[in-house]
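Coordinate analysis (summary)
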Amino acid sequence: MITIFTDQQLAKFRAEGDAALSELLKKEDHSVLRDFWSLKNDEELFSDKNPPTLKKIAEHLCVLPDWFRADEFQQSESFFTTYMQDLMMMLGLVSLPYCYGGADGSKVLIASGRIHTNTTKRLMETGTFVWDVCMPGAFSGKGKGFLSCLKVRLIHQFTRDKLLKDGWDPERDG
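Residues numbered from 1 in each chain as written. Predicted model: local features only at pLDDT ≥ 70, side-chain atom pairs only at ≥ 80, totals over all residues. Heavy atoms only, no water.

Comments concerning helix α5 (residues 52-61)
Along α5, the positions that sit buried rather than exposed are L54, I57 and A58. Here the buried residues of α5 occupy an arc of 95 degrees about the axis, which is enough to place them on one side. Exposed residues lying more than 90 degrees from the buried face of α5 are P52, K56, E59 and H60. (Buried < 20%, exposed > 50% of the residue type's maximum accessible area, 1.4 Å probe, protein only. Helix = DSSP H or I, 4+ residues; strand = E, 2+ residues; numbered from the N terminus. Arc of directions from axis to C-beta.)

Concerning the packing of helix α6 (residues 70-100) against helix α8 (residues 119-134)
One way to put it is that α6 packs onto α8 with a least axis distance of 9 Å and a crossing angle of 160 degrees. Comparing their axes, α8 and α6 come out roughly antiparallel. You can see that α6 and α8 cross each other, and the crossing is right-handed. Where α6 approaches α8, its residues F73, E77, F80, M84, M88, L91, L96 and Y100 are matched on the opposing element by R122, L123, T126, G127, V130, W131, V133 and C134. In terms of residue class, the contact of α6 with α8 is built from 12 nonpolar, 2 polar and 2 charged. (Axes fitted to C-alpha atoms, helices over the stretch in contact; angles between N-to-C directions. Parallel < 35°, antiparallel > 145°, perpendicular 65-115°, else oblique. Left-handed = near helix turned anticlockwise from the far one by under 90°. Contact = heavy atoms within 4.5 Å. Nonpolar A, V, L, I, M, F, W, Y, C, P; charged D, E, K, R; others polar.)

Some thoughts on α8
Owing to its 3.6 residues per turn, the α-helix brings residues three or four apart onto one side. Between its first and last C-alpha atoms α8 spans 23 Å; for 16 residues at 1.5 Å apiece the expected length is 22 Å, and the two agree. Here α8 has its buried residues at R122, T126, G127, D132 and V133. (Expected span 1.5 Å × (residues − 1).)

Printed below as a string of structure tokens:
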């Protein structure tokens, strides 16, 4: 099943943000976020040694959807493993430049300073994310899939909140 989103649907999604993470970022002791950033894989993310807030985040936000099918996911992992060099090259040479050229996204990247102050690091972060979620076992205990998804969600929500606080106007700026 393929879902094609309209421009209106995508605009609505962009405006929603991630309320749960936004609330966390507003009220949470940022040492919890530093602890989170030091985690290396999903096994550490779901560890009972983590602070209660971090455990709560992992339990509520890091779950596979009802429609997840392990057999199909294994096929995609196999495909990625077979073609990973080609796929990562396409990501770097075609997909990312094309996506970063999009009006709303490029405005955010420029305003946040994430693309022009250290372009190589920003591109590597995206490549690392793709690698982490596509490798075999990405969403098993030893993988990095959930941790990487949660890190991206945090980065995006932190950036969204900061831009809004600094006067970003979604109607004007996208």
